[in-house]
Every structure is written in C-alpha cells, then in structure tokens.
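# A structural walkthrough
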Amino acid sequence: MLERRTIGILGGGQLGRMLALAASRLGFRAHIYCPDPQSPAFDVTRWHTCAAYEDVGALAQFAGAVDLVTYEFENIPDATVDFLAARKPLFPSAEALRISQDRILEKSFLAGLTSVAPFRKVETREELDQAIAAIGLPAVLKTTRFGYDGKGQRIIRVASDAESAFSELEGQILILEGFIDFTHEISVIVARSASGETATYDPAENVHRNHILDTSTVPASVSHETAARARQVAVEIVSELDYVGVMGVEFFVSKYKEMPKLLVNEIAPRVHNSGHWTEAVCVADQFEQHIRAITGLPLGDTTRLADVQMKNLLGSEIESIFDGAQDLRQPHDYGKHEPKPGRKMGHINRILGR
Ligand code: AMP
C-alpha cells in the first residue's frame, strides 16, 4: 500500500482551496482548518476542521490527523503557530511567518539583504514628526501588523496630513515608509525545498485597483536584467531564511536613476495572488510547487509556455466570468457564496500569445 500523507492547511480561502486541489493531484490528502463554515476550501476535500484558531482541543485533534502543516494566510495567532509547530512539522517555519507578520521585522530583515524604502518605527505623535524629518515627504504611514489590500495605510503628502493620518491609525504600532515613485510593481514567486533547491517564476507586472490587485501580466515590461535581478533577490531572501515552501516577493521598480532600481515592498510566506497565472501557462504552477516543496518532492518545472494576464474578479464581477470570447481563457471561480464588493471571487487567466 502506498503511504498517503495528509497535509494540514490553516485557512480555508481560495488559496487553501487551490493548495488542496494541487495536493490531491499529487496524491496527498488535504485537511483544512478554518473557523468559517462557508470556507471555499471545504468544498474540495473531505477532511476539514471548522473551529476557532484558539480552540486548543480542535488544534490537538487536527495535529493528530495530519503529517505536516502549512498555511494560506499570515495572520495566524502566535499561540496557534507555536502549538502546532511543537507537534508537527510546520512549513514555512514559524520564524518566516513571524518576520512577515510584522512590517518592522520584515523591513529590518530585508534591509540587511537588499534595498527597501527608508523606514522608521512610529509609536507616538512626536516619533511621527521625527520620522518625517528623517525620511521626508511624501511618505506612507502603515500599521505594522494585520494590513492587507491597502488596509491600515495612509499617505502623508504634506506635513498637515500627519495629524489625521496618525489619529486614524493611532493605538497600534506604526511604520513610516518613504513613498517610492515607481514605474512598475512586480512580484516574483519563488520556491525553496528543505534540501536548498530553489526555483523562481518569471516576474509578473501587477496593477492595483482601489489597493486590491487587479491584473498580473507576464512578462512584465521591465528589462531582462531587472527581471533576472528580481529573481536573484527572491532566491537570496528564501536562502537567508532557510525557507521551505513558496513565497511571493513584491518589488517596486523605482523611477529614479539615483535610487536602486528594485526595492522589495513585502514578502508573503505563502502562495500569492500574483502567481495565479502560473496555473494556466507553467508546467508546475505555484500551488503544486508549494506542495512539492513542503513534502520533500523535487521542485517542478517553472518554465512559462505562453504570455498571460491574470485578472481578478471582485464582488459581482464573478457573474460575468463566462461572458465574451472563451478562447485562450482559463476561468477560475472560488465557489464563494456572497459576492461582497471588493471580495476576491475568482479570476481569469487570459493567454496572450506564444
Ligand atoms: P502593501 O500593503 O505594503 O503591499 O501596500 C499596498 C500598495 O500600496 C502597494 O502595492 C503600493 O501600490 C502602495 N504602496 C505601499 N507602500 C508604498 C511605498 N512605500 N511607496 C509607494 N507606494 C506604496
């Protein structure tokens, strides 16, 4: 009898769903843990636990039912991570997760390796003034934790914006970052296995709408040199962390010659929305790659077979998923019940040419 290992996945959103599908294609079982009874990932696997992340009894049972644990989102409580990591192998590691959960830790780690926007920790109104004096304006004030899709961020263009930006975010530890005038935002999906093998995909060029990713287009309209450098930086990041799994690395491509060309904005210790295009045009997509990396399989082939554009379908846009010409389009509906405005409901990968 073949041994069928079970992969525990924390989080039941679309990323968990796509990971579960990839796991089952490779012959593994996926067991999803998520407090939301309507989790899209529950629909694609028989094994799931619907319980709070703080429910120690449910976590213990989950740990007993799986061979290893991974996750599809960053904001997992520390105690949950520690509880599970003490019982089963956790990939990516608790350390990688902790660094990416906190913008100060993340930027400090990245600054030791590569270029990032200038930044300062801000806890008081006085510290904000000091940070503005040191960094200059415009700048972006962000919460250090739990920010996503532009939430918990305020741009400070002129000194008089500081007061309202601070009062809106006050009460949390903040970070002030220099505003980067960029020509493009790009991202690299990188994978590393426990043996140190690494693989990267071509950088995607990302366009946001209302702070939410709208499209990822590949190839990105940057030079070969910039694309190669971005891939190299991504490999340096995962190697430095002794990372196991897939990571999304987001970059700004700066406008000005006097600045470094590439600045890392943030890292996501998981499969990433800007890597969904790999489903349609890569031999091994990012979801398969993550499963391979965390289970000790050799990494898959990241060759891109065609040019492609991924478009997110937000809210009621999901209703038009099958509208228009269907040729060279790969639709993906996450099966969510409520199309709330701004909610990621699905995406379309449109193949642009070979
Ligand atoms: P984040 O949550 O840090 O990924 O930021 C969300 C989006 O805000 C980014 O994709 C950028 O478009 C914009 N942004 C964030 N930080 C900066 C910055 N320091 N300079 C310019 N734009 C930024």
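Rules behind the numbers
Residues numbered from 1 in each chain as written. Predicted model: local features only at pLDDT ≥ 70, side-chain atom pairs only at ≥ 80, totals over all residues. Heavy atoms only, no water. Axes fitted to C-alpha atoms, helices over the stretch in contact; angles between N-to-C directions. Helix = DSSP H or I, 4+ residues; strand = E, 2+ residues; numbered from the N terminus. Parallel < 35°, antiparallel > 145°, perpendicular 65-115°, else oblique. Contact = heavy atoms within 4.5 Å. Nonpolar A, V, L, I, M, F, W, Y, C, P; charged D, E, K, R; others polar. Polar contact = N/O pair within 3.5 Å; in protein donor to acceptor, adjacent residues only side chain to side chain. Phe/Tyr/Trp six-rings, centres within 6.5 Å; stacked < 30°, edge-to-face > 60°. Buried < 20%, exposed > 50% of the residue type's maximum accessible area, 1.4 Å probe, protein only. Lys NZ or Arg CZ within 6 Å of the ring centre and 35° of its normal. Pairing = 2+ DSSP bridges. Near = heavy atom within 4 Å. Areas by Shrake-Rupley, 256 points an atom, 1.4 Å probe, with all protein chains shown as cover. Domains from an automatic or database assignment.

## Considering the packing of helix H4 (residues 94-101) against helix H5 (residues 103-111)
- Relative to each other, H4 and H5 sit at 105 degrees, their axes nearing to 5 Å. On the basis of the axis angle, H4 is roughly perpendicular to H5. Between H4 and H5, the residues in contact are Arg98, Ile99, Ser100 and Gln101 and Arg103, Leu105, Glu106 and Phe109, respectively.
- Across the contact of H4 with H5, the residue classes break down as three nonpolar, two polar and three charged.

## Here's the deal with the side chain of Thr200
- Inspection of the secondary structure puts Thr200 in strand S10 (residues 198-200).
- A distance of 2.8 Å separates a polar atom in the side chain of Thr200 from a polar atom in the side chain of Arg231.
- Those residues within four positions of Thr200 in sequence are excluded, and the remaining contacts are Val188, Ile189, Val190, Arg231, Val235 and Thr302.

## As for the packing of aromatic side chains
- For the structure shown, the criterion picks out five aromatic pairs.
- For the ring pair Tyr33 and Phe62, a centre distance of 5.1 Å and an interplane angle of 70 degrees mean the geometry is edge-to-face. One end of the pair, Tyr33, is in strand S2 (residues 29-33); the other, Phe62, is in helix H2 (residues 56-65), and 29 residues separate them in sequence. Phe62 carries the same exposure label as Tyr33, and that label is buried.
- Ring geometry for Phe182 and Phe252: centres 5.1 Å apart, planes at 5 degrees, overall stacked. With a gap of 70 residues between them, Phe182 in strand S9 (residues 182-192) and Phe252 in strand S13 (residues 245-254) connect regions that are remote in the sequence.
- Phe182 gets classed as partly exposed once you look at its relative accessible area, which sits at 31%.
- An aromatic cluster is built from Tyr33, Tyr53, Phe62 and Phe73, whose rings are joined through pairwise contacts.
- The cationic tip of Arg87 hangs over the ring face of Phe83; the distance from NZ or CZ to the ring centre is 3.6 Å.

## Topic: the pairing of strand S12 (residues 212-218)
- Judged by how many residues are buried, S12 sits mostly within the fold: seven of seven residues are covered.
- Where strand S11 (residues 204-209) folds back onto S12 in an antiparallel hairpin, the turn is made up of two residues, including Asn210, whose phi is positive at roughly 50 degrees.
- Pairing analysis gives four bridges linking S12 to strand S15 (residues 307-314), with the strands arranged antiparallel. When the sheet's bridge partners are listed, Ser216 is paired in S15 with Met310.

## Focus: the site of the ligand
- Residues in contact with the ligand amount to 15 residues; listed here are only the nearest, Arg103, Lys142, Gln153, Ile180 and Glu185.
- At a separation of 2.9 Å, a nitrogen atom of the ligand approaches a polar backbone atom of Gly178.
- When the free accessible area of the ligand is taken as 480 Å², the share hidden by the protein chains comes to 91%.
- Sorting the residues of the shell around the ligand by element identifies strand S6 (139-143), strand S8 (174-178), S9, S13 and strand S14 (262-268) as the ones contributing at least two each.
- Of the residues belonging to the shell around the ligand, the class tally is five nonpolar, four polar and six charged.
- When residues are assigned to domains, the shell around the ligand turns out to be shared by domain 2 (118-178) and domain 3 (182-353), each giving three or more.

## Some remarks on the environment of Phe42
- Mapped onto the elements, Phe42 comes out in the loop between S2 and strand S3 (47-49).
- By relative accessible area, which is 10% here, Phe42 ends up buried.
- C-alpha of Phe42 to C-alpha of Leu113: the two residues are 71 residues apart in sequence and 39 Å apart in space.
- In this view, Phe42 contacts Ile32, Cys34, Asp36, Pro37, His48, Thr49 and Cys50; residues no more than four positions away in its chain are not counted.

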